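Here's the letter readout for the chains.
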Amino acid sequence: IFIFQDTAFDSITRFGTTSFSDTGSEDSCLSRNQSVLYRKSSPHKPSSYLVSKLRSYEELHKRCGPHTDSYKRSIKQLKSGQIDHNSSDCRYVVWVGLAGLGNRMLSITSAFLYGLLTDRVLLTNQAYEMAGLFCEPFPNTSWILPDDFPFKSKLRRFKQNYDHSYGKMVQSSTFNYSTQLLPSYLYLFLSNDCSRQDQLFFCDQDQALLGKVPWLIMRSNVYFLPSMFLMSSFDQELNKLFPDKETVFHHLGRYLFHPSDRVWGLITKYYQDHLAKAEKRIGIQIRIFHPKTSPFEYVMDQILACIRKEKLLPEVGTEKYIASPSKNQTSKVVLVTSLFRGYFEKLNKMYGEHPTKTGEVVAVYQPSHAGRQRTWWNSHNVQAWAEIYLLSLSDELVTSAWSTFGYVAQGLRGIRPLILYNRTIPDPPCGRGVSMEPCYHAPPIFDCKAPTTTVDTGALVPHVRHCEDLSWGLKLF
Ligand code: GDP
């Protein structure tokens, strides 16, 4: 299906055809054109500056991407270990991920924005467990790190103290600041457990130096993007790109992440079977991190209290028993996503067995209940991505505190969610997010000019504050 329409999202993605491959890496991406049939067009317009920046990034990626002459020259340089200024003018950021899918999508987006700001080409190490989840985002090229990349088989084993780690070099004072001696590649450890030295990456003076290194290999599982808004070197450009700071992930996420045909098939089938007919769709994402400290009854009460307080669903009358509610009457549908089945069962029983006080019919569905997280399984990630996307098709969204799975859904949807607080006494049970942006869970807390001094990085600039669900986290608003 070819659909041309005038929405903010389309101006960002631009592609009007299903095929855009010179490289043979991808022939079809149905979701790119069909998504408009399922999700509301975004009310948030991207700046024209962002749109033109993306177009020039696409040109850069095409020129420097895998299998081009520039790429081959850059690889030679990488292998030599030293910078050769005549070799190639292309520079790269190689993303290496870990953790669950939500975490990965957020850190890819952060790495991409870093690439946009510093004219680096983003290549992603999509190992087996991530294979075939997404379409290629950039036309006529690929963002997948080629199999013959020199360290490809070793990338996963790079840890914090890898020899080429910038943080480790700074810590052990082995880093020579003379540009002649800069290596052709550096490793950046930007995960949730990185050190202060690793986080010097977020300092302007360090960026000036890192900018000269052609290959940056970055391992990350966090949405480190808000930290770039704390850096004065990116300040002007970010203001032009994103006049509305709340929509950074919304725009970049919708630009980057298109479900592959395999995932799209799951999404559209489930949507048509269960969600399409409803007048209103309510997504409830229930993420239990520690079942022992989040007992079922306790969480269930919190969910019900949130539904009541926010008037998300009609109340049920207990007196009359309904044998089989007619499917045709469905006016509200609840999509529950969770690793566990109990919450769905309780809601389903409640609305299946009792009439609502308003006479509306409420249907409740849950696509899967895997029981536990299996990040290394490809099929598990396929299912997770399908559910994140289905959640993003909701009219109203209830998410769990701390969960990147929920952050991605709310960002793609473009809505401030109702967050189920993770507090000992969650009263109120949930509250509206201050923005639709994800939270950066492990931000730097020091002053770049005096890295041993702790500062409140949530109070430095107007559009970065602490998160409602994590007091030390940072988010844009
Ligand atoms: P976070 O841990 O909540 O921040 O989210 P992540 O996506 O990073 O990691 C959790 C992983 O557990 C997901 O990627 C899925 O693999 C799995 N998971 C958690 N909740 C759900 C769910 O509701 N549905 C499905 N299908 N998988 C889930």
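Please read these numbers as outputs of a predicted model, since none were measured by experiment. Within every chain, residues take consecutive numbers counted from 1 along the sequence as written. Only residues with pLDDT of 70 or above have their local features reported here, since the model is predicted, and side-chain atom pairs are shown and tallied only from 80 upward, although totals for entire chains, interfaces and linings are computed over all residues. Only hydrogens and water are removed before side-chain values are computed, so all heavy atoms of the structure are retained for them.

This next bit is on the site of the ligand. Near, as used in this document, describes a residue that has one of its heavy atoms within 4 Å of the molecule or strand being considered. The environment of the ligand is formed by 18 residues, the closest being Asn-103, Arg-287, Glu-387, Ser-403 and Thr-404. Throughout this description, a polar contact denotes any pair of N or O atoms lying within 3.5 Å of each other; where both atoms belong to protein, one of them has to be capable of donating a hydrogen while the other can accept it, and for residues adjacent in sequence the pair is counted only when both atoms sit in side chains. Within the side chain of Arg-287, an N or O atom sits 2.6 Å from an oxygen atom of the ligand. Separating an oxygen atom of the ligand from a backbone N or O atom of Ser-338 is a distance of 2.9 Å. When the free accessible area of the ligand is taken as 550 Å², the share hidden by the protein chains comes to 97%. Mapping the ligand onto the cavity grids shows that it belongs to the largest pocket. The secondary structure listing takes helices from DSSP runs of H or I that are at least 4 residues long and strands from runs of E that are at least 2 residues long, numbered from the N terminus. Listing elements by their share of the shell around the ligand, those giving two or more residues are helix H5 (101–118), strand S6 (330–338), helix H14 (378–391) and helix H15 (404–413). A per-element tally of the shell around the ligand places H14 first, with four residues. Surface exposure here means Shrake-Rupley accessible area, sampled with a 1.4 Å probe, where a residue is shielded only by the protein chains that are shown. Put simply, the grid is 1 Å and covers the protein atoms alone, a cavity is a trapped set of points that fit a 1.4 Å probe, a pocket is an open set with protein on both sides within 12 Å along at least five of seven lines, and lining residues have an atom within 4 Å of a point. More than half of a molecule's atoms lying within 2 Å of a cavity's or pocket's grid points is what places that molecule inside it.

In this scheme, a residue with accessible area under 20% of its type's maximum is buried, one over 50% is exposed, and one in between is partly exposed, where area comes from a 1.4 Å probe on protein chains only. Extensive coverage of H15 is indicated by the burial of ten of its ten residues. Listing the buried residues of H15 in full gives Thr-404, Phe-405, Gly-406, Tyr-407, Val-408, Ala-409, Gln-410, Gly-411, Leu-412 and Arg-413. N-cap assignment for H15: the residue whose side-chain oxygen lies 3.3 Å from the backbone N of Phe-405 is Ser-403. After H15 finishes, the residue Gly-414 shows a positive phi value of roughly 85 degrees.

On to the layout of surface pockets, then. Over the atoms a probe the size of a water molecule is rolled, and this reveals where empty space is left. Grid points are joined across faces, edges and corners, and a volume is the space filled by probe spheres set on the points. Counted as a void, the largest pocket has a volume near 680 Å³. Lining the largest pocket are 30 residues; nearest its centre among them are Gly-100, Arg-287, Leu-339, Gln-373 and Phe-405. Where the lining of the largest pocket is concerned, the elements lending two or more residues are H5, strand S5 (280–286), S6, H14 and H15. Counting residues per element, the lining of the largest pocket draws most heavily on H14, which supplies five residues. Looking at side-chain class alone, the lining of the largest pocket contains eleven nonpolar, 17 polar and two charged residues. Throughout this entry, Asp, Glu, Lys and Arg are counted as charged residues, while Ala, Val, Leu, Ile, Met, Phe, Trp, Tyr, Cys and Pro are counted as nonpolar. The remaining residues, Gly among them, count as polar.

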